[in-house]
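Residue-level listing of the chains:
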Amino acid sequence: MTAIKAFSKRRRLCAVLLTGTVLGGYAVPAVAQDQPAQEAPAAPSPVPVETPAPPVQQPWSGTVLSLNVAGNQRLEPETVISYMKLRVGEPYTKEQLDEALRDLYATELFADVQILGGDTGNLIIQVRENPVINRIVLEGNKRIKDDKINPEIRLAPRQIFTRTKARADVARIIELYRRQGRFAASVEPKIVQLDQNRVDVVFEISEGPKSKIRQINIIGNEEFSDGELRGEMVTKRTGLLSFLGSGNIYDPDRLAFDQQKLRQFYLTEGYADFRVVSAVAELTPDRRDFIITYVVEEGDRYKFADVKVESAIRDFRSEDLNRLLPMKSGDWYNAKQIEDTVTLLNESAGLFGYAFADVQPNFDRDKENKTMSVTFQVAETPRVYVERIDINGNTSTRDKVIRREFRLAEGDPFNSVRVKRSRDRIQSLGFFQDNLEIEQTQGSAADRVILAVDVEEKATGELQLSAGFSSLERFLINLSIAQRNFMGKGQTLRAGVNYSSYSKSIELGFTDPYVFDRNIAVGADIYRRDYNSFNYINGDERNTTYQQVTTGGQIRMGVPLTEYLSLQGRYSLNLEEVSLNRNTFFSDPEGDGIFTCDPLLAGRYLCDALGERLNSSIGYSLAFSTLNNSLRPTAGERLTLSQDFAGLGGDVHYLRTRINGAKYWGLGGGFVFSASAEAGYIHSFDDSTGPGVDPVRLIDRFFLGEPQMRGFDIRGVGPRIQRIPYNDDGTLVTDRKNITDDALGGRAYYLGRIELEIPLSAGIREFGLRPSAFIDVGAVFGVKNPVLQDLKPGDPGLFRPALNSDGLRLCTTGGETPVNTPIPAGASCPAGQSILTQAITGPFKEVFLGDTPKPRVSIGFGINWNSPFGPFRIDIAKALIKAEGDDTKLLTFNVGTAF
């Protein structure tokens, strides 16, 4: 219900008669570079005019005999008279009466004022007071809520209402909508008259749509097309994909920025005289769209002539610096190269300890030959030393946690490379805001510099309780608590419990990166992990095969060898047990009451993997890293070599070697390109336990597929055994849904990936979306050829002794009405009876596939989303190259668990 509807019919009629309407004007912003831009015409808006006072009938002069006030309700007569200069007994003129009227109107307390009795000297001040505001009501605002508009409104309850203030508030509300790109918004103020000269003020708002960019016109460009120039702008025309960003919304600040973008583009192409003559934004008559027109002058195109460096610094020789210059004589002039060269020379001077090197490019333009000579003047400056390192903004993180990441100490010679490295190391801690910078300011002397870092701490504690569903784990639940900056010391403490349909784990870990304030990292973990492997039956129905339970722990220690090279050692002790469901995969093949794993039911490879073994291993990792951020790198490279030797006691003996590397390039504009590769090989020192049995255990081999290699199902790449059933006519089944597939893994693998992270608009980035496109290449291979089974229909190998409900073998008389007699284990059948047998599985043939180093290739795109209910990752990938037997998968997703 609006304010107007809340009154009686009589009062409503009165309100309509007294309603005032005020419309705000529509000013159209425009920006020009060298001369004033033509503003778009604004539609005229009706503005209420103050009711003029009637003519005062008075003589040209006289004496005030009396002063009286009439019509006042709230104000005392003395208060009204105090606002004027007229006083009883003093003379007055026509001009003084006019001035008294102006003074009273200036108070904004009165809607109407008249001075009567000017011809007699007995003056009567007839006033009509402005009403008092009872309340402010907003109607029609949906896009901008009341709490955003009310602070902009100057009118308030219990204040005096004036039309001037109402017009000002209308302008403020309209400006608020313009900031959101809604130039078609209109506001109509209305008043509802109440008793005792009170009013309700109602702002009726018509928000209208966002004013978009209908057309961008460019006049004066000859060398580059309109499309090329529009591609350099942030502002975009409205199109089919405009909903993905906000570039098609009119913004006067963006219009000014686009002029600078045009200038930068032309200056990098050699047009040193380019300028934007004007930039005009015209609002269409319906106020829904803008048409932007740029008028440009390209000018002549220049080439570089002589380019050189003149250095006044003694050990900063010009001859050596000239070889660093990226531009050569004859190249097209490029202003961006000039800026980059100044930065390069400053950074190079910083390597020698000159923090405040003064590098100035001097230009010599030859308009006749269209050439530009550039001389970079490096002024003499003293070598600089670090006077002090200031750290500000850290409330929970201790100073020493930040200071130990600095590659310079107080008193050291300044070095720009070490400053940059210090910034990268502090950023990689993950405790502070992105894009952290170390500022350099002049110290107490010319040869002193103060390094200051202002940090903004992020939350480093994580308490997560989430449930979700993934294509890999199906239903899952995660309960974890972690603190990456425990007690502000940079230590990591974590504990977690994970449960899903196919894996369960509980873990506890602690890491101290600086033990006893020395550059030595020490950590320890204890855990129990249960994993249920599975295959597919009937197409997409998962069938659990074996269960792997690992209970153990690990201790580790790491030390830096150089600034970019580190070494980590570790020792692990694990008790590993592989088991199968006895009711599903065990039988009594000899009929002696001893149940064992039956290859007919489980497959030979699973039966060979059963057992409990102790794994005692020692290993190391040698890592080289120049990444600018270890958490989300955009530049740098990483290379790691790892080896683990199992055999320091225990039951298994092998050497596992892995190597992986990655390189990142920031391409500008938010694009990040990365290339990564990894490979591994495991060599067993144990002998094979039988024909077709690989000496490397199943659980120690490498596997590939989801999630490492997208486009393929979990363990969908590499060696596998397919069990293909026979039809009744002796032919093999061809429907893949009826074929059982078991991955064997391999002793060797490789995996490569190239990926491009694609930036989004600022509005979409706020939702935590990070899309990327990728290509994955990989293979796993090198397992020993297994012994395969081929049991055709009627083959006696398919039959096993039949058992009753108590697990006892049955003897039978045979015939049409057989008599079955249970016998205890080890006993023989009575005379005339024989062991009753039954087929425990249908006829089948095993085929060994996929053991080849041939590369598998997939291509696709994915999106990371830090959603309110947990991390979310979705990938759509197509397998371009695959081997026979590989399992492919187009869509994979993960919700509610880390990835």
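How each quantity is defined
- Residue numbers here run from 1 along each chain, matching the order of that chain's written sequence.
- Two thresholds apply to this predicted model, a pLDDT of at least 70 for residue-level local features and 80 or more for giving and counting side-chain atom pairs, whereas whole-chain, interface and lining totals are computed over all residues.
- The side-chain figures draw on all heavy atoms in the structure; neither hydrogens nor water molecules are used.
- Put simply, DSSP H or I for four residues or longer makes a helix, DSSP E for two residues or longer makes a strand, and each gets a number counted from the N terminus.
- Whenever two N or O atoms come within 3.5 Å, that pair is a polar contact, provided that in protein one can donate a hydrogen and the other can accept it, and provided that, for residues adjacent in sequence, both atoms are side-chain atoms.
- Throughout, a contact is declared for two residues whenever any of their heavy atoms are within 4.5 Å.
- At least two bridges found by DSSP between two strands are what make those strands a pair.
- Every axis corresponds to a line fitted to the C-alpha atoms, with the helix fit spanning only the stretch in contact, and the corresponding angles, defined between N-to-C directions, vary from 0 to 180 degrees.
- Put simply, a disulfide is two cysteine sulfurs that come within 2.5 Å.
- The definition of a nonpolar core used throughout is a set of buried Ala, Val, Leu, Ile, Met, Phe, Trp, Tyr and Cys residues joined through side-chain atoms within 4.5 Å.
- We call a residue buried when its accessible area falls under 20% of the maximum for its residue type, exposed when it is over 50%, and partly exposed in between, using a 1.4 Å probe and counting protein chains only.
- Any Lys or Arg side-chain nitrogen located within 4 Å of an Asp or Glu carboxyl oxygen qualifies as a salt bridge.
- In this scheme Phe, Tyr and Trp rings, the latter by its six-membered ring, pair at centre separations within 6.5 Å, and the angle between planes marks the pair as stacked below 30 degrees, edge-to-face above 60, and tilted otherwise.
- Charge-over-ring placement is defined geometrically: NZ (Lys) or CZ (Arg) within 6 Å of the ring centre, and within 35 degrees of the ring normal.
- A helix is expected to span 1.5 Å multiplied by its residue count minus one.
- Each residue carries a pLDDT score, the predictor's confidence in it, ranging from 0 to 100.
- The residues that make up patches have over 30% relative accessible area and no salt bridge, and they are joined within 9 Å when like-charged or within 5 Å when they are Val, Leu, Ile, Met, Phe, Trp or Tyr.
- Here the Shrake-Rupley method, with its probe set to 1.4 Å, supplies the accessible areas, and only the displayed protein chains count as covering residues.
- Within this scheme the basic residues Lys and Arg register as positive and the acidic residues Asp and Glu register as negative, but His and the chain ends are omitted.
- Charge placement uses NZ in Lys and CZ in Arg. For Asp and Glu, CG and CD serve respectively.

A.B. asks: Looking at this model, I keep getting lost on the side chain of Asn 141. Mind explaining?
C.D. replies: Within the secondary structure layout, Asn 141 lies in the loop between strand S6 (132-139) and helix H4 (146-149). At 3.1 Å, the side chain of Asn 141 and the backbone oxygen of Ile 144 are in polar contact. Reaching out from Asn 141, the side chain makes a polar contact with the side chain of Asp 146 at a distance of 2.6 Å. Other than its neighbours up to four places away in sequence, Asn 141 contacts Asp 146, Ile 149, Tyr 177, Ile 205 and Glu 207.

A.B. asks: Is there a simple way to explain the sheet that holds strand S10 (residues 275-283) in this structure?
C.D. replies: The strands making up a sheet associate through hydrogen bonds between their backbones, and the pairing can be parallel or antiparallel. Taking strand neighbours across the sheet as the criterion, the three strands line up as S9-S11-S10 in an open arrangement whose pairing is mixed. Pairing within the sheet leaves two strands with one partner each, and these edge strands are strand S9 (212-219) and S10. Pairs of neighbouring strands in the sheet enclose a mean axial angle of 15°, with direction left out of account. Relative to strand S11 (residues 289-297), S10 runs antiparallel, the two sharing eight bridges. Each bridged residue has a counterpart across the sheet, and for Glu 282 the counterpart in S11 is Ile 291.

A.B. asks: Help me understand the state of the cysteines, please; the structure alone is not making it clear to me.
C.D. replies: A covalent bond bridging the sulfur atoms of two cysteines is what the word disulfide describes. Taken as a whole and assessed by the stated rule, the structure comprises two disulfides. A sulfur-sulfur distance of 2.0 Å marks the disulfide that ties Cys 597 to Cys 607. Disulfide Cys 597-Cys 607: the torsion about the S-S bond is -75°, which places it as left-handed. Residue Cys 597 is found in strand S26 (residues 596-597), and its partner Cys 607 is found in helix H14 (residues 604-609); the two are separated by ten residues along the sequence. Here Cys 811 engages in a disulfide with Cys 829; their sulfurs sit 2.0 Å apart. Across the S-S bond linking Cys 811 and Cys 829, the dihedral sits near -80°, which makes this disulfide left-handed. Remark: Cys 829 occurs in the loop between strand S38 (820-823) and strand S39 (834-835) and Cys 811 occurs in strand S37 (residues 809-812); sequence separation between them is 18 residues. Each disulfide of the chain joins two cysteines, and with those cysteines numbered along the sequence the arrangement is 1-2, 3-4.

A.B. asks: Just to check I follow, could you spell out unusual backbone geometry for this structure?
C.D. replies: Negative phi characterises most residues that are not glycine, and trans characterises most peptide bonds. Between Glu 706 and the following residue, Pro 707, the backbone shows a cis peptide bond with an omega angle of 5°. Even without being glycine, Asn 197 reaches a positive phi, approximately 55°. Its place among the elements puts Asn 197 in the loop between strand S7 (186-194) and strand S8 (198-206).

A.B. asks: What's the story with the nonpolar core in this structure? I'm lost.
C.D. replies: Inside soluble globular proteins, nonpolar side chains tend to come together where they are buried. Of all hydrophobic cores here, the largest spans 24 residues; its most connected members are Phe 304, Val 309, Met 327, Tyr 333, Ile 338 and Phe 376. Contributions of two or more residues to this core are made by strand S12 (303-311), helix H9 (335-351) and strand S14 (371-378). Excluding anything up to four places from it in sequence, Phe 304 contacts Met 327, Lys 328, Ser 329, Gly 330, Asp 331, Trp 332, Tyr 333, Asn 334, Gln 337, Ile 338, Met 372 and Val 374.

A.B. asks: For this particular structure, what's the right way to read the pattern of salt bridges?
C.D. replies: Pairing between side chains becomes possible if they bear opposite charge and their charged atoms approach one another. Going through the model one piece at a time under the given rule, you end up with 53 salt bridges. Put simply, Arg 198 and Asp 195 hold a salt bridge, and the shortest N to O gap is 2.6 Å. Look at Asp 195 and you get partly exposed, because its relative accessible area is 40%. Between Asp 776 and Arg 710 there is a salt bridge; the shortest N-O distance is 3.2 Å. On the criterion of sequence distance, the pair formed by Asp 776 in strand S34 (residues 769-781) and Arg 710 in the loop between strand S30 (671-684) and strand S31 (720-725) is long-range, its members being 66 residues apart. According to the relative accessible area criterion, Asp 776 is buried, its value standing at 0%. Several salt bridges share partner residues, and in doing so they unite Glu 405, Arg 407, Arg 421, Arg 425 and Glu 563 into one network.

A.B. asks: When you look at the packing of aromatic side chains in this model, what are you seeing that I'm missing?
C.D. replies: For any pair of aromatic rings, geometry is given as the distance between the ring centres together with the angle between the planes. On inspection of all chains with the given rule, the structure shows 14 aromatic pairs. Judged by centre distance (4.1 Å) and plane angle (5°), the rings of Tyr 266 and Phe 274 are stacked. Classification of Tyr 266 by relative accessible area gives buried; the value is 0%. An aromatic cluster of at least three residues, connected via ring pairs, comprises Phe 224, Phe 265, Tyr 266, Tyr 271 and Phe 274. Seen from the ring of Tyr 302, Arg 365 lies directly overhead, with NZ or CZ sitting 5.5 Å from the centre. Residue placement shows Arg 715 over the ring face of Phe 703; its charged tip is 3.8 Å from the ring centre.

A.B. asks: Honestly, the environment of Ser 533 in this entry has me stumped. Any pointers?
C.D. replies: Note on placement: Ser 533 falls in strand S22 (residues 521-537). Separated by 15 residues in sequence, Ser 533 and Gln 548 place their C-alpha atoms 7.8 Å apart.

A.B. asks: Before we go on, may I ask you to explain the sheet that holds strand S41 (residues 844-849) in this structure?
C.D. replies: Spatially, S32-S31-S41-S35 is the arrangement adopted by the four strands of the open sheet, whose pairing is antiparallel. Of all the strands in the sheet, just strand S32 (740-743) and strand S35 (790-791) have a single pairing partner and so form its edges. With six bridges joining them, S31 and S41 adopt antiparallel strand pairing. Pairing of Arg 723 across the sheet is with Glu 846, part of S41.

A.B. asks: Explain the pairing of S8 here, please?
C.D. replies: Two strands pair when backbone bridges link them, and S6 and S8 are joined in this way by seven bridges, in the parallel orientation. Along S8, the bridge assignment pairs Ile 136 with Val 201. Across nine bridges, the pairing between S7 and S8 is antiparallel. Bridge pairing links Glu 188 to Glu 204 in S8. The hairpin turn running from S7 into S8, its antiparallel successor, is three residues long, and Gln 196 in that turn takes a positive phi close to 60°.

A.B. asks: Explain H9 here, please?
C.D. replies: The α-helix advances 3.6 residues per turn, and as a result positions three or four apart in sequence lie on the same side. Taking 1.5 Å of rise per residue, the 17 residues of H9 would be expected to cover 24 Å, and the 25 Å separating its terminal C-alpha atoms lies within 8% of that figure. The complete set of buried residues in H9 reads Ala 335, Ile 338, Thr 341, Val 342, Leu 345, Ser 348, Ala 349 and Gly 350. Contacts from the buried residues of H9 go to helix H7 (252-268), S12, helix H8 (318-322), strand S13 (359-366), S14 and helix H11 (416-428). Two to three positions downstream of the cap, the backbone nitrogen of Lys 336 sits 2.8 Å from a side-chain oxygen, assigning the N-cap of H9 to Asn 334.

A.B. asks: I tried to follow the confidence of the model for the chain on my own but got confused; where do I start?
C.D. replies: Should the pLDDT be low somewhere, the predicted coordinates at that spot are not to be read in detail. Predicted confidence across the chain gives a mean pLDDT of 83, with 86% of residues reaching 70 or more. Predicted confidence is poor over residues 1-51, with pLDDT under 50, and the contacts of this stretch with residues over four places away or in other chains come to 105 contacts.

A.B. asks: How do you make sense of a positive patch on the surface when you look at a structure like this?
C.D. replies: A cluster of basic residues, Lys 142, Arg 143, Lys 145, Lys 210 and Lys 212, forms a positive patch at the surface. Inspection of the secondary structure puts Lys 142 in the loop between S6 and H4. The exposed category is assigned to Lys 142, whose relative accessible area is 64%.

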